[in-house]
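What follows is each chain in one-letter form.
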Amino acid sequence: MDKLLIQGGAVLSGEVAISGAKNAALPILCAALLTTEPVHFTNVPQLNDISTMLRLLADMGVGVTKDGVDGLTLDGGKLNNPVASYEMVKTMRAAILVLGPLVARCGEARVSLPGGCAIGARPVDQHIKGLQAMGAEISVEHGYVHAKASRLKGARICTDMVTVTGTENLMMAACLADGETVIENAAREPEVVDLANCLVSMGARISGAGTDVIRIQGVEKLHGATHSIMPDRIETGTYLCAAAVTGGDVRLLKTSAAYLDTVVDKLMDAGCDITVERDSIRLVAPKRLKAVSLRTAPYPAFPTDMQAQFMAINCVAEGVATIRETIFENRFMHANELARLGADIQIEGSNAIVRGVARLEGATVMATDLRASASLVIAGLVAQGETLIDRIYHLDRGYAQIEEKLTKLGAIVKRVH
Ligand code: EPZ
């Protein structure tokens with residue numbers, strides 16, 4: 001199992017390019033199931049989750065052709081097996097995103113229920129409820145969702161809570177339904193908008209993406225298109241935090257601050273100087289950050305996927321920060337690992353109280369989930385001495401070429417097998 005060895009103390013500086021967004025690419029690749037024509041993608045991130053999704057789609061009969069480094073062509077014309085097996089789904093819960101497109105395109109689907117995961121139970125009841133409202137007959141047997149529908153019918157759906165992939169699944173299914181679907185309480189995340197833009201370029205009729213009411217007029221069929229995946233705002237925020245905590249001066253390229261208002265605001269509150277250019281962001285950090293409190297909530301509020309990274313920078317900031325996690329019930333597992341580095345963190349229910357300490361000491365720590373592992377990298381960059389992070393397969397799911405990018409910025413990091 002790979003580990004990451006970090007020698008703390010380097011001040012990050014220089015430039016690095018941000019990759020395409022994992023959480024936009026995952027639903028957008030599934031959109032190729034909705035048409036028999038090839039769909040071309042660019043700026044696709046090189047991530048394990050993306051390779052897993054491509055293996056799953058190929059398993060169903062979809063033609064997968066790589067076009068250079070970040071290009072891809074998917075041909076849904078040969079789709080012949082609307083099944084997502086447990087083997088595939090257990091390593092990547094986002095595989096549930098094939099459910100809506102398969103029911104809409106083939107009239108049936110058999111998709112393994114994603115198990116829970118480290119950060120929470122993460123059920124998919126809203127995905128199922130929405131498809132049932134559109135006329136799908138759904139049963140859950142032996143850990144699989146079986147869905148059937150001769151043709152989905154447009155419906156008015158209001159999800160019980162804001163769900164990103166729930167909104168995405170239902171929006172994709174509605175594209176080929178008979179009539180209009182209205183999704184209320186829809187997720188407003190930028191990745192939902194990127195998916196909607198891709199679907200519209202394929203001939204879908206969608207309005208309201210990015211607001212909490214999305215209207216989709218079903219059409220008979222969709223056609224091929226070309227779509228460039230939006231930049232990864234969470235990868236961007238993660239590198240901003242890494243630069244901030246080391247007192248660095250970095251410029252992130254091929255990205256935008258457009259979807260990171262709350263994260264940029266918090267980093268400025270912490271004392272960073274941030275300059276936003278057309279497709280890049282520059283951060284100049286102070287010698288020591290000031291503690292910043294935050295509360296996660298659905299977009300446009302502070303993203304839960306940046307919570308762990310901010311816990312890490314608060315560990316060595318001046319003052320006390322309160323971090324409130326409102327989306328997932330168990331997303332503080334990085335706290336125990338940060339404590340091994342000398343952090344002072346108290347968990348009280350969905351609140352974490354972080355008291356900044358003068359310094360952290362390198363140690364061996366273990367990654368537990370994707371963003372938790374990012375927080376350990378950030379802490380390792382500023383801890384004194386060596387930090388060894390185990391189980392970094394979590395990192396590889398969501399951060400492309402992480403050691404190359406950090407090394408380019410001056411970090412002393414290497415992967416040990
Ligand atoms: C997406 O997960 C992201 N993943 C997550 O990013 C992100 O943390 C999350 O949205 C919240 O922003 C992808 O886009 C692939 P939800 P998703 O449905 O869609 C509950 C990362 O680090 N819920 O918005 O699975 C659920 O338990 C990952 O890149 C139900 O109860 O999250 C959670 O408490 C981690 N029933 C809340 O809603 C449902 O049917 C929000 O979940 C659906 C969700």
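Residues numbered from 1 in each chain as written. Predicted model: local features only at pLDDT ≥ 70, side-chain atom pairs only at ≥ 80, totals over all residues. Heavy atoms only, no water.

Undergrad: What am I meant to see in the packing of helix α6 (residues 164-174) against helix α7 (residues 190-201) here?
TA: Between two packed helices, the angle of one axis relative to the other and the distance separating the axes together describe the packing. Where α6 meets α7, the axes come as close as 10 Å, and the angle between the chain directions of the two elements is 15 degrees. Considered as vectors, α6 and α7 are oriented roughly parallel to each other. The way α6 lies across α7 gives a crossing that is right-handed. Note on element contacts: α7 touches α6 through Glu191, Val192, Leu195, Ala196 and Leu199, opposite Val164, Thr167, Glu168, Met171 and Met172. Residues of the contact of α6 with α7, tallied by class, amount to seven nonpolar, one polar and two charged. (Axes fitted to C-alpha atoms, helices over the stretch in contact; angles between N-to-C directions. Helix = DSSP H or I, 4+ residues; strand = E, 2+ residues; numbered from the N terminus. Parallel < 35°, antiparallel > 145°, perpendicular 65-115°, else oblique. Left-handed = near helix turned anticlockwise from the far one by under 90°. Contact = heavy atoms within 4.5 Å. Nonpolar A, V, L, I, M, F, W, Y, C, P; charged D, E, K, R; others polar.)

Undergrad: Which parts of the structure should I look at to understand the pairing of strand β3 (residues 38-42)?
TA: Consecutive side chains of a regular strand alternate in pointing toward one face of the sheet and then the other. Judged by which residues are buried, β3 turns out to be one-sided: Val39 and Phe41 face inward and are buried, whereas Pro38, His40 and Thr42, on the alternate face, are not. As defined by bridge partners, β3 adjoins strand β5 (residues 71-75) across four bridges and the pair is classed as antiparallel. Bridge pairing in β5 places Val39 opposite Leu74. (Buried < 20%, exposed > 50% of the residue type's maximum accessible area, 1.4 Å probe, protein only. Pairing = 2+ DSSP bridges.)

Undergrad: Quick question: what am I supposed to make of the packing of aromatic side chains here?
TA: Two numbers describe a pair of aromatic rings. These are the distance of the centres and the angle of the planes. Counted under the stated rule, the structure contains one aromatic pair. With 5.0 Å between their ring centres and 90 degrees between their planes, Phe302 and Phe310 make a pair best called edge-to-face. For the cation-ring pair, Arg110 lies above Tyr144, with the distance from its terminal atom to the ring centre recorded as 4.6 Å. (Phe/Tyr/Trp six-rings, centres within 6.5 Å; stacked < 30°, edge-to-face > 60°. Lys NZ or Arg CZ within 6 Å of the ring centre and 35° of its normal.)

Undergrad: Explain the nonpolar core here, please?
TA: Inside soluble globular proteins, nonpolar side chains tend to come together where they are buried. Formed by 79 residues in total, the largest nonpolar core has its most connected members in Val98, Met134, Leu152, Met171 and Leu199. If we skip the residues at most four places from it in the chain, Leu152 touches Val103, Ala104, Leu131, Met134, Ala136, Ala173, Ala177 and Asp178. Residues Leu240, Ala244, Val264 and Leu376 belong to the second largest nonpolar core, which totals 71 residues. (Core = buried A, V, L, I, M, F, W, Y, C linked by side-chain atoms within 4.5 Å.)

Undergrad: Is there a simple way to think about unusual backbone geometry in this case?
TA: Working note: non-glycine residues mostly have negative phi, and peptide bonds are mostly trans. Omega for the bond connecting Tyr299 with Pro300 falls within 30 degrees of zero, at 10 degrees, which places this linkage in the cis form. Within the element layout of this structure, Pro300 appears in the loop between β18 (294-295) and α10 (307-315). Backbone geometry places His142, a non-glycine residue, at a positive phi of 50 degrees. Mapped onto the elements of the fold, His142 is located in the loop between β8 (137-141) and β9 (144-148).

Undergrad: What should I look at first to understand the environment of Ala258 in this one?
TA: Position of Ala258 among the secondary structure elements: in the loop between β15 (249-253) and α9 (261-269). Residues Ala258 and Val276 lie 18 residues apart in sequence; the distance between their C-alpha atoms is 9.0 Å.

Undergrad: So what exactly am I meant to see when it comes to the sheet that holds strand β11 (residues 180-184) here?
TA: With respect to topology, four strands assemble into an open sheet ordered β10-β11-β13-β12, the strand pairing being mixed. Of all the strands in the sheet, the pair left with one neighbour each is β10 (156-158) and β12 (205-207). Put simply, the sheet's adjacent strands are angled 15 degrees from each other on average, direction ignored. In this sheet, strand β13 (residues 213-217) lies alongside β11 in antiparallel orientation, the contact comprising five bridges. Across the sheet, residue Thr181 finds its bridge partner in β13, namely Ile216.

Undergrad: How do you make sense of the sheet that holds strand β21 (residues 351-355) when you look at a structure like this?
TA: Sheet strands associate in pairs through backbone hydrogen bonding, adopting either a parallel or an antiparallel arrangement. Strand order in the open sheet made by the four strands is β18-β19-β21-β20, with mixed pairing throughout. Among the strands making up the open sheet, the edge pair consists of β18 and β20 (344-348).

Undergrad: Looking at this model, I keep getting lost on the pattern of salt bridges. Mind explaining?
TA: Between side chains of opposite charge, a pair can form when the charged atoms approach closely. In this structure the tally under the stated criterion is 22 salt bridges. The shortest N-O distance in the salt bridge between Lys221 and Glu37 comes to 3.9 Å. Placement of the pair is Lys221 in the loop between β13 and β14 (226-228) and Glu37 in the loop between α1 (22-31) and β3, with a sequence separation of 184 residues. Residue class for Glu37 comes out partly exposed when judged on its relative accessible area of 30%. A salt bridge links Asp279 to Arg278; its shortest N-O distance comes to 3.9 Å. Counted as one network, the salt bridges with shared partners bring together Asp2, Asp396, Glu403 and Arg415. (Salt bridge = Lys/Arg side-chain N within 4 Å of Asp/Glu carboxyl O.)

Undergrad: Which parts of the structure should I look at to understand helix α11 (residues 333-340)?
TA: Count 3.6 residues to each turn of an α-helix, and residues three or four apart come out pointing the same way. For α11, every residue scored as buried is listed here: His334, Ala335, Glu337 and Leu338. On its buried side, α11 packs onto α10, β20, β22 (364-366) and α12 (370-382). Immediately downstream of α11, the backbone of Gly342 shows phi near 105 degrees, a positive value.

That is the geometry; function is a separate question.
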